[in-house]
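Below, each chain spelled out in residue letters.
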Amino acid sequence: MSLDLMAPLMFGGLVVFLLIGYPVAFSLAATGLFFGLIGMQLGLLHPSLLQALPERVLGIMANSTLLAIPFFTFMGLILERSGMAEDLLDTIGQVFGTIRGGIAYAVIFVGALLAATTGVVAASVLAMGLISLPVMMRYGYSKQVASGVIAASGTLAQIIPPSLVLIVLADQMGASVGDLYEGALIPGLGLAALYAVWVFIVSILRPEAVPGCPPDARTLHGSALVVKVFTSMVPPLVLIFLVLGTIFLGVATPTEGGAMGASGAILMALAKRRLSWSLLKQAVESTANMTSFVMFILVGSTVFSLVFRGVNGDLWVEHLLSDLPGGALGFLIVVNAMIFLLAFFLDYFEIAFIMVPLLAPVAQKLGIDLVWFGVLLAVNMQTSFLHPPFGFALFYLRSVAPKNIKTTDIYWGAVPFVVIQVLMVTVVLVFPGIVTSNVTKTTGDFKGSATDEIRRQLDAPTQGDSGAGSNPDESKGDPKSEIEKMLNQQQ
């Protein structure tokens, strides 16, 4: 067997493991070790290649950026399980009153706020499903509209900062987490606005599907409503401005911001007298489960990527994608179509750990800004939660939905929002300025037509702080750079 065949066979072997149903983390690690041993037996790989694996694992453990994942997860779980999210939804529902689709607007608004405070799709969807779905059914909302609005609003946690997906993408691409947060802010809020526009269209075309609340459902009026709005919105808004403000201003790193957010959530729960040992234990256990899930996948992907690079897999992928017709634009179209299709079978963590390390070097070589590329992928990967039949947001909602709501109702309700997400992918692709204009480290103004903007974006040189190893002096002690040096010597 020649070295040229190892990379495609290795990638195909991983696909077979995933289709059989093995856990992703163990599939990645097993495929890497299996082909690594085969390569050494055939004399295609040097045994010292796998000796670099402990250094890679230690490099993951020493990565302080990944500490933001448990902090943000814990913060969101405290807010959701202490009942503050329920208070917020009830209050916003009172504000919209008898407007057609008022509860749907409230779900989208609260979903966006929960996304900015939890950063975890499961927590957002479960909370919104338990709180708002029974109310919407009681007031006569369409099952499909109600299910679609709740599932789609929960997925905003993936794109609105602080998002766990953006942290993982930044780590895998060697980009700045703060830059990705800044770049994803407008696309995330734009998605929430498009969701509201869709509800407005439904209220015009099918008013019976989104009725207004009956007058007797409004229990608060006047000054009492103002006070309730203030007391319910202050806790999440304070956390949002505290965390994102310090990160955007460069005062704190994502890890420090997450630590402040988690501490603030505990203090707010204490102030409302809703913090108990039982709640704290549940939040800690759920945070440990989520963090372990992410770290195991990351270790497995490290084993796979080490061997994959040893068999020149990165060069195989680079030649495969860089030779596409249309240059950088053709690459972007093919990559987004591929990510969209993979989202039918893989969740966002699996796509981030498997595909992004293969795609980012090609994008950087083509001159594509990695921050813009990361936001584009994040918006696209968001569809993985709503894809029938394997969308995780659909499964989360199914687990808390009443029995009279069929699974087909949830699936059909999600379809319009998948179309909206694809529309946002197109908008980010055609108008890159909505991402790059918000990133403080990005220089240059984008003017002219959409075609001019995308050409300038694709032709723009990659910023030195957007990629790993931009300064040779900074990468001397990096385990990854030592491995690359060894691989280059071997080749």
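This is a predicted model, so every value here is computed, not measured.

### Structural notes on the packing of helix H4 (residues 53-61) against helix H14 (residues 277-310)
- Close contact between H4 and H14 brings their axes to 10 Å; oriented N to C, the two are set at 145 degrees. The two elements H4 and H14 cross, and the hand of that crossing is right-handed. Contacts between H4 and H14 involve Leu53, Arg56, Val57 and Ile60 from the former and Met295, Leu298, Val299, Thr302, Val303, Ser305 and Leu306 from the latter.
- A class-by-class count of the residues in the contact of H4 with H14 yields eight nonpolar, two polar and one charged.

### Things to note about the side chain of Thr302
- Turning to its location among the elements, Thr302 is positioned in helix H14.
- Under the relative-accessibility criterion, Thr302 is labelled buried at 7%.
- If sequence neighbours within four positions are ignored, Thr302 has contacts with Arg56 and Ile60.

### Regarding unusual backbone geometry
- Phi is positive for Arg273, close to 60 degrees, though the residue is something other than glycine.
- Arg273 sits in the exposed class, given a relative accessible area of 79%.

### A few points about the side chain of Ser147
- Position of Ser147 relative to the elements: it lies in helix H9 (residues 143-154).
- Those residues in contact with Ser147 that sit more than four places away from it in its chain are Leu397, Ile405, Asp409 and Ile410.

### Description of the nonpolar core
- Phe72, Phe331, Phe373, Met381 and Leu386 are the most contacted members of the largest nonpolar core, which totals 143 residues.
- Counting residues per element, this core draws most heavily on H14, at eleven residues.
- Every residue in contact with Leu386, bar those within four places of it in the chain, is listed here: Ala151, Ala152, Thr155, Gly391, Ala393, Leu394, Ala414, Phe417, Val418 and Gln421.

### Quick notes on the confidence of the model for the protein chain
- Per-chain confidence: the protein chain averages 76 in pLDDT, with 80% of residues scoring 70 or above.
- Ranking the elements of the protein chain by mean pLDDT puts helix H23 (residues 450-459) last, at 43, and helix H11 (residues 177-205) first, at 90.
- Segment residues 442-487: pLDDT under 50, and 71 contacts once partners within four positions in sequence are set aside and those in other chains are kept.

### Overview of the packing of aromatic side chains
- Within the structure shown, the criterion is met by five aromatic pairs.
- When the ring of Tyr195 is compared with that of Phe417, the centres are 5.2 Å apart and the planes differ by 80 degrees; the resulting orientation is edge-to-face. With Tyr195 in helix H11 and Phe417 in helix H21 (residues 407-430), the pair connects residues that are 222 residues apart, well separated along the chain.
- For Tyr195, a relative accessible area of 0% translates into the label buried.

### Overview of the packing of helix H16 (residues 327-342) against helix H18 (residues 356-365)
- Running from N to C, H16 and H18 point in directions that differ by 165 degrees, and their axes come no closer than 12 Å. Taken together, the axes of H16 and H18 are roughly antiparallel relative to one another. Considering how the two elements wind past one another, H16 and H18 form a crossing that is left-handed. Between H16 and H18, the residues in contact are Phe331, Val335, Met338 and Ile339 and Leu359, Val362 and Ala363, respectively.
- Counted by class, the contact of H16 with H18 contains seven nonpolar, no polar and no charged residues.

Conventions we followed
Residues numbered from 1 in each chain as written. Predicted model: local features only at pLDDT ≥ 70, side-chain atom pairs only at ≥ 80, totals over all residues. Heavy atoms only, no water. Axes fitted to C-alpha atoms, helices over the stretch in contact; angles between N-to-C directions. Helix = DSSP H or I, 4+ residues; strand = E, 2+ residues; numbered from the N terminus. Left-handed = near helix turned anticlockwise from the far one by under 90°. Contact = heavy atoms within 4.5 Å. Nonpolar A, V, L, I, M, F, W, Y, C, P; charged D, E, K, R; others polar. Buried < 20%, exposed > 50% of the residue type's maximum accessible area, 1.4 Å probe, protein only. Core = buried A, V, L, I, M, F, W, Y, C linked by side-chain atoms within 4.5 Å. pLDDT = per-residue confidence, 0-100. Phe/Tyr/Trp six-rings, centres within 6.5 Å; stacked < 30°, edge-to-face > 60°. Parallel < 35°, antiparallel > 145°, perpendicular 65-115°, else oblique.

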